[in-house]
Amino acid sequence: MVMLTLLLGLTLGQGLSAAERARVRVGATTFHVELARTLDERRRGLMFRQHLSAGQGMLFVQEPDRAEFWMKNTLIPLDLLYFDDAGVLLEIVAGVPPCRQPACPTYPSQSTAIRYILELNAGEAARRAIRVGDPLVLERP
């Protein structure tokens, strides 16, 4: 899905705040997402958030590589959806629990070609029948 990258206008050197929002579709479901593109935005992610509304999430954008997430200081359980550079869903890590301990487990992707990671409320992928192979599509910048 090269169009996803072009429509988002995401070159990794470009400044973009986590408050920047987009609307993306995965399968038949549309989500309103915050974009986390810079290293600082990706490190902070959804830390310290007490609530994530239904139909919302955070889309992380990185150079294609292995993705490794941890839930340190994350207060809500999440689903992690790992997409490749073409926007194809490769992996779903469902129901990742919050972690308030000093040492938290990590949730690495199996693939080394992850470009986009979508965090949603835990159980959202199953509720919305999102499946591996579903495309990630930007509906509106």
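Keep in mind it's a predicted model, so treat the numbers as computed, not measured.

Asks: How should I be thinking about the confidence of the model for the protein chain in this particular structure?
Replies: It should be kept in mind that the predicted coordinates are not to be read in detail where pLDDT is low. The predicted model of the protein chain averages 83 in pLDDT, with 81% of residues at 70 or higher. At the level of individual helices and strands, the protein chain shows its lowest average pLDDT in helix H1 (residues 2-8), which scores 44, and its highest in strand S6 (residues 89-96), which scores 97. Low pLDDT, under 50, characterises residues 9-18; the predicted model gives this stretch 25 contacts beyond four residues in sequence or across chains.

Asks: Any chance you could explain the pairing of strand S8 (residues 114-121) here in plain terms?
Replies: Along any regular strand the residues' side chains alternate between the sheet's two faces. Counting buried residues along S8, eight of its eight residues qualify, which places the element largely inside the surrounding structure. Bridge count for strand S3 (residues 56-65) against S8 is six bridges, and the pairing is antiparallel. Within the sheet, the bridge partner assigned to Phe 60 lies in S8 and is Ile 117. Inspection of the sheet shows strand S5 (residues 78-84) paired to S8 by seven bridges, in the antiparallel sense. Note on S8: the bridge partner recorded for Leu 80 is Glu 119.

Conventions adopted
Residues numbered from 1 in each chain as written. Predicted model: local features only at pLDDT ≥ 70, side-chain atom pairs only at ≥ 80, totals over all residues. Heavy atoms only, no water. pLDDT = per-residue confidence, 0-100. Helix = DSSP H or I, 4+ residues; strand = E, 2+ residues; numbered from the N terminus. Contact = heavy atoms within 4.5 Å. Buried < 20%, exposed > 50% of the residue type's maximum accessible area, 1.4 Å probe, protein only. Pairing = 2+ DSSP bridges.

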